[in-house]
Amino acid sequence: MQVEDVQRVCVLGAGTMGAGIAQTCSVAGFSVAMRDLTEEFVEGGFQRMRDPLEKRVARGKMTQEEVEAILGRIEGFTSLEEALKGADVVIEAVFEEMGIKKELYGELDRLTPDEVIFASNTSSLSITEMAAVTGRSDRFVGMHFFNPAPVMKLVEVIRGSETSDETVQLAMELSRKLGKEPVEVKESAGFVVNRLLVPMLNEAFNLLLENVASPEDIDKAMKLGTNMPMGPFELADFTGLDVGLAVMEVLHRESGDPKFRPSPLLRQLVRAGRLGRKTGRGVYDYGGG
Ligand code: 3HC
C-alpha cells in the first residue's frame, strides 16, 4: 500500500492519545473512525477534542466552522466491526496492557482485509510481541505520538523484528502527511524518548522523597535551568503518573537494570489513585479528587 491509498484511518481508543490522534488525522484531511468500548468513552473523546479547539476559537486562532469541519470528519463507534469498515490503516491507542492489546489484535486480524496496516501507539511495549498474534507481522508497525498529539511534532516509527521496509516507509510518509516529523527507531523498551524522559521524571520523585527541594522548586529548576516547557512534576501530572510508572516497569523488567527501578513515591501516589490531572490530583492538586 502507498500513502496515497490511505483515505480512512480507524483509531482505536478515545482516551487522551486516541482522541488526539483522531483529531490529528482529521486535521490532515483523512476520514476517521474513532472507537471505544462505551458511548460515554466515545463522547469523552469528542469532548477532549472540542475543549482545546473551542479555546482556539475564543482566542481568534480558528473559526467555529473549522472546528465543526474537523469534528465532522470523525465518526464515533462502539462496534469494532463497524469502526473498521473501509479503514486502510488502524492506529491502536488502547490501554497499555499487553494482554488487552494481544486479544484486540487477534480480533482485528480476523475482521480486516489482509492489506490493512496495523500501527500501535504503544509507549513502550514490544511491537514484535503484538504483531506475532496476527498473520501480518510484516504489516505491523509502531507509531508513537506524544501528548498533546495535535501539537507535538514527533512520531517515533518503530520497526518490529518482522516489520517490512514498505510498512516502515508507509508509516514515515503517513506521519509526514499528518504534519509530523518521524524518527525511525528499532524496537527497544521505551524507544528513544521514553527511555530518556521517563527515568528523568522518575528521578524527580526520588529527589522529592529525599526532601532535596519542594515540588515547585524542582519544577522551577528544570524549567529555568533546561528550558523545559513544563517541570517534571507538571509533566508527570499532565501525562499521568500511572503512564510513567508503567513505562518504568517495562524498562526495569526488560533490562533488569536497577537504574530503571520505579521510585517508591511514584508507586505510592499511583496506589493512592493520585494519577495526575485526569483524576484531579497527582503531585499537585487540581481541585477534582
Ligand atoms: N488541540 C489543538 N491545539 C492545541 C491542543 C489540542 N489538544 N492543545 C494545545 N493546543 C495549542 C493551543 O491552542 C496553542 O496554540 P496557539 O499557540 O496557536 O495559540 C498551543 O497549542 C500552545 O498551547 P497553550 O497556549 O494552551 O499552552 P502552552 O503554550 O503552555 O503549551 C504544551 C502547552 C504544548 C502542552 C506545552 O506545555 C508543552 O509542550 N509541554 C510539554 C509536553 C510534552 O513534553 N509532551 C510529551 C509527553 S511524553 C509522551 O507523551 C509520551 C507518552 O508515551 C508518555
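Fair warning: this is a prediction, and the values are worked out from it, not measured in the lab.

Turning next to the sheet that holds strand β8 (residues 181-186). Working definition: the strands of a sheet are paired by backbone hydrogen bonds and lie parallel or antiparallel to each other. In spatial order, the strands read β3-β2-β1-β4-β5-β6-β7-β8; together these eight strands make up an open sheet with mixed pairing. Taken across any chain shown, the strands that pair with only one partner, and hence form the sheet edges, are β3 (74-77) and β8. Taking each pair of neighbouring strands and ignoring which way they run, the sheet shows an average axis angle of 25°. With five bridges joining them, strand β1 (residues 8-12) and strand β2 (residues 31-35) adopt parallel strand pairing. Bridge pairing in β2 links C10 to A33. Sitting on the sheet, helix α1 (residues 16-27) touches β1, β2, β3 and β4 (89-92), and the angle it makes with β2 is about 170°. Each of β4, β5 (117-120), β6 (140-144), β7 (154-159) and β8 is contacted by helix α7 (residues 165-177), which is oriented at about 175° to β7, the strand it contacts most.

Glancing now at the side chain of T134. Locating T134 in the fold gives a position in the loop between α6 (127-131) and β6. Residues in contact with T134, not counting those within four places in the same chain, are Y105, D109, F118 and F140.

The next point concerns helix α12 (residues 264-271). Inspection of α12 places L265, L266 and L269 among the buried residues, and these make up the whole buried set. The arc enclosing the buried residues of α12, seen along the axis, measures out at 100°, which places them on a common side. More than 90 degrees from the buried face of α12, the exposed residues found are Q268 and R271. Of the surrounding elements, those touching the buried residues of α12 are α8 (193-209) and α11 (241-255). Of the residues one or two after α12, G273 is the one with positive phi, at around 80°.

Attention now moves to a positive patch on the surface. A contiguous patch of positive charge on the surface is contributed by K55, R56, R59, K61 and R277. Along the chain, K55 falls in helix α2 (residues 39-58). Take K55: its relative accessible area is 55%, and that puts it in the exposed class.

Before going further, it helps to examine helix α5 (residues 98-111). Under the 1.5 Å per step criterion, the end-to-end length of α5 is 20 Å for 14 residues, consistent within 8% with the ideal 20 Å. Regarding α5, the residues found buried are M98, K101, L104, Y105, G106 and L108. Looking at the buried side of α5, the elements it contacts are β1, α4 (80-84), β4, β5, α6 and β6.

Buried residues dominate β2, accounting for four of its five residues. In the sheet, β2 pairs with β3 via four bridges, with the strands oriented parallel. Bridge pairing links R35 to F77 in β3.

Applying the stated criterion across every chain yields a total of one cavity of 30 Å³ or more. In this structure, the largest cavity occupies an estimated 50 Å³ of space. Going through the elements one at a time, α8 and α11 are the ones with two or more residues in the lining of the largest cavity. Looking at the lining of the largest cavity, the element that brings in the most residues is α8, giving four residues.

On to the packing of α8 against α12. Relative orientation of the contacting elements α8 and α12 amounts to 95°, with a least axis distance of 7 Å. In terms of orientation, α8 lies roughly perpendicular with respect to α12. For the pair formed by α8 and α12, the contact residues are N202, F205, N206, L208 and L209 on the first element and P264, L265, L266 and L269 on the second. Residues belonging to the contact of α8 with α12 are distributed by class as follows: seven nonpolar, two polar and no charged.

Along the chain, N147 connects to P148 via a cis peptide bond; the corresponding omega equals 0°. Even without a glycine there, the phi angle at F191 is positive, about 55°. Along the chain, the position of F191 falls in the loop between β8 and α8.

About the cut-offs
- Residues numbered from 1 in each chain as written.
- Predicted model: local features only at pLDDT ≥ 70, side-chain atom pairs only at ≥ 80, totals over all residues.
- Heavy atoms only, no water.
- Pairing = 2+ DSSP bridges.
- Helix = DSSP H or I, 4+ residues; strand = E, 2+ residues; numbered from the N terminus.
- Axes fitted to C-alpha atoms, helices over the stretch in contact; angles between N-to-C directions.
- Contact = heavy atoms within 4.5 Å.
- Buried < 20%, exposed > 50% of the residue type's maximum accessible area, 1.4 Å probe, protein only.
- Arc of directions from axis to C-beta.
- Patch = residues over 30% accessible without salt bridge, like charges linked within 9 Å, V, L, I, M, F, W, Y side chains within 5 Å.
- Areas by Shrake-Rupley, 256 points an atom, 1.4 Å probe, with all protein chains shown as cover.
- Salt bridge = Lys/Arg side-chain N within 4 Å of Asp/Glu carboxyl O.
- Lys, Arg positive; Asp, Glu negative; His and termini not counted.
- Charge placed at Lys NZ, Arg CZ, Asp CG, Glu CD.
- Expected span 1.5 Å × (residues − 1).
- 1 Å grid on protein atoms, 1.4 Å probe; cavity = no way out; pocket = protein on both sides within 12 Å on 5 of 7 lines; lining within 4 Å.
- Points joined across faces, edges and corners; volume = space filled by probe spheres on them.
- Parallel < 35°, antiparallel > 145°, perpendicular 65-115°, else oblique.
- Nonpolar A, V, L, I, M, F, W, Y, C, P; charged D, E, K, R; others polar.

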